[in-house]
Amino acid sequence: MQNRLLRSQQDRILGGVCAGLAKYLNIDTVLVRLFFIVFTMVGGIGPLVYIILWIVVPSEEQAPGSGSQPHTIDGEVIRERAENFRDEVVNAVNKNGSKTGLYVGIGLVLFGVYIFIKNLNLPWLAWLNSNVILAGLIIIAGAALLYVALRRKE
């Protein structure tokens, strides 16, 4: 059986894109999520790539049978997935016990605060730029991974 890129239904926060990519690449899901966060903070392209992958990549439920014929994606399939996109977002955020709304809300508030502070043009905040934030995110991500790794050993 070949390894196929599918959106995960088990280890998902929003659409299962990061979990599916992690499974496909055989790496930790946290690393893929950090990759999307960094892409969002540095170039702003992270959410766009995530949404495109959410629409294009089938979920594990939608995956065609393991026939010998490759699955083709035509305009009708893309249209159908794009129409289901809104429902999936609403269901993921409103799901009981889900922290998706919390994570998305925190991310939006932090990003909004960053944009607000940058637009104030205060001289004493001249050091605050995307490079400093990227370095901070990498340090926090590394510390979080070390903490999780050391905690598993105990």
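Residues numbered from 1 in each chain as written. Predicted model: local features only at pLDDT ≥ 70, side-chain atom pairs only at ≥ 80, totals over all residues. Heavy atoms only, no water.

Colleague: Tell me about the overall build of the protein chain, residues and numbers included.
Modeller: What the protein chain contains, in helices and strands, is six helices and zero strands. Its helices and strands taken in sequence order, the protein chain reads α-α-α-α-α-α from the N to the C terminus. Here the protein chain holds 154 residues, and 21% of them are scored as buried. Carbon and sulfur atoms make up 64% of the accessible area of the protein chain, which totals about 11000 Å². (Helix = DSSP H or I, 4+ residues; strand = E, 2+ residues; numbered from the N terminus. Buried < 20%, exposed > 50% of the residue type's maximum accessible area, 1.4 Å probe, protein only. Areas by Shrake-Rupley, 256 points an atom, 1.4 Å probe, with all protein chains shown as cover.)

Colleague: Any details on the packing of aromatic side chains? Residues and values, ideally.
Modeller: Scanning all chains against the criterion turns up three aromatic pairs. With a centroid separation of 5.9 Å and 85 degrees between ring planes, the pair formed by Tyr50 and Trp54 is classed as edge-to-face. Here the residue Tyr50 and the residue Trp54 both occupy positions in helix H3 (residues 46–56), the gap between them amounting to four residues, near one helical turn. According to the relative accessible area criterion, Tyr50 is buried, its value standing at 13%. A relative accessible area of 2% places Trp54 in the buried class. Every member of this aromatic cluster is reached through a ring pair, and the members are Phe35, Phe36, Tyr50 and Trp54. (Phe/Tyr/Trp six-rings, centres within 6.5 Å; stacked < 30°, edge-to-face > 60°.)

Colleague: Which residues make up a nonpolar patch on the surface, and what are the values?
Modeller: A cluster of nonpolar side chains, Phe35, Phe39, Ile45, Leu48, Ile52 and Val56, forms an exposed patch at the surface whose accessible area comes to about 510 Å². For the nonpolar patch, the secondary structure elements donating two or more residues are helix H2 (29–42) and H3. The element contributing the most residues to the nonpolar patch is H3, with three residues. Mapped onto the fold, Ile45 is located in the loop between H2 and H3. (Patch = residues over 30% accessible without salt bridge, like charges linked within 9 Å, V, L, I, M, F, W, Y side chains within 5 Å. Salt bridge = Lys/Arg side-chain N within 4 Å of Asp/Glu carboxyl O.)

Colleague: Tell me about the nonpolar core, and name the residues and values.
Modeller: One finds Leu14, Val17, Cys18, Leu21, Ala22, Val32, Phe36, Tyr50, Trp54, Ile55 and Phe85 forming the largest nonpolar core, which totals 11 residues. Elements represented by at least two residues in this core include exactly helix H1 (17–25), H2 and H3. Discounting chain neighbours no more than four positions away, the residues touching Val32 are Cys18, Leu21, Ala22 and Ile27. (Core = buried A, V, L, I, M, F, W, Y, C linked by side-chain atoms within 4.5 Å. Contact = heavy atoms within 4.5 Å.)

Colleague: Could you give me a rundown of the side chain of Ser59, with the residues and numbers involved?
Modeller: Here Ser59 lies in the loop between H3 and helix H4 (75–94). For Ser59, a relative accessible area of 3% corresponds to the buried category. If we skip the residues at most four places from it in the chain, Ser59 touches Leu6, Arg7 and Gln9.

Colleague: Before we move on, can you summarise the packing of H1 against H3 with the specific residues and values?
Modeller: Two elements in contact, H1 and H3, have axes separated by 10 Å at closest approach and are oriented at 80 degrees. Considering their axes alone, H1 and H3 lie roughly perpendicular with respect to each other. Contacts between H1 and H3 pair Val17, Cys18 and Leu21 from the former with Tyr50, Leu53 and Trp54 from the latter. Considered class by class, the residues forming the contact of H1 with H3 number six nonpolar, no polar and no charged. (Axes fitted to C-alpha atoms, helices over the stretch in contact; angles between N-to-C directions. Parallel < 35°, antiparallel > 145°, perpendicular 65-115°, else oblique. Nonpolar A, V, L, I, M, F, W, Y, C, P; charged D, E, K, R; others polar.)

Colleague: Would you mind going over the side chain of Thr29 in detail, with residue names and values included?
Modeller: Mapped onto the fold, Thr29 is located in helix H2. Beyond its immediate sequence surroundings of up to four residues, Thr29 is in contact with Asp11, Cys18, Ala19 and Ala22.

Colleague: Can you tell me about H1, naming the residues and giving the values?
Modeller: Within the span of H1, buried status applies to Val17, Cys18, Ala19, Gly20, Leu21 and Ala22. Looking one or two places after H1, you find Asn26, whose phi comes out positive at around 60 degrees.

Colleague: If you had to explain the packing of H2 against H3 to someone new, which residues and values would you point to?
Modeller: Two measures define how a pair of helices packs: the angle their axes make with one another and the distance between the axes. Relative orientation of the contacting elements H2 and H3 amounts to 130 degrees, with a least axis distance of 7 Å. For the element pair H2 / H3, the angle class is oblique. The residues of H3 that touch H2, namely those facing Phe36, Phe39 and Thr40, are Gly46, Pro47, Val49, Tyr50 and Leu53. Class assignment for the residues of the contact of H2 with H3 results in six nonpolar, two polar and no charged.

By themselves, these observations are geometric and do not establish any function.
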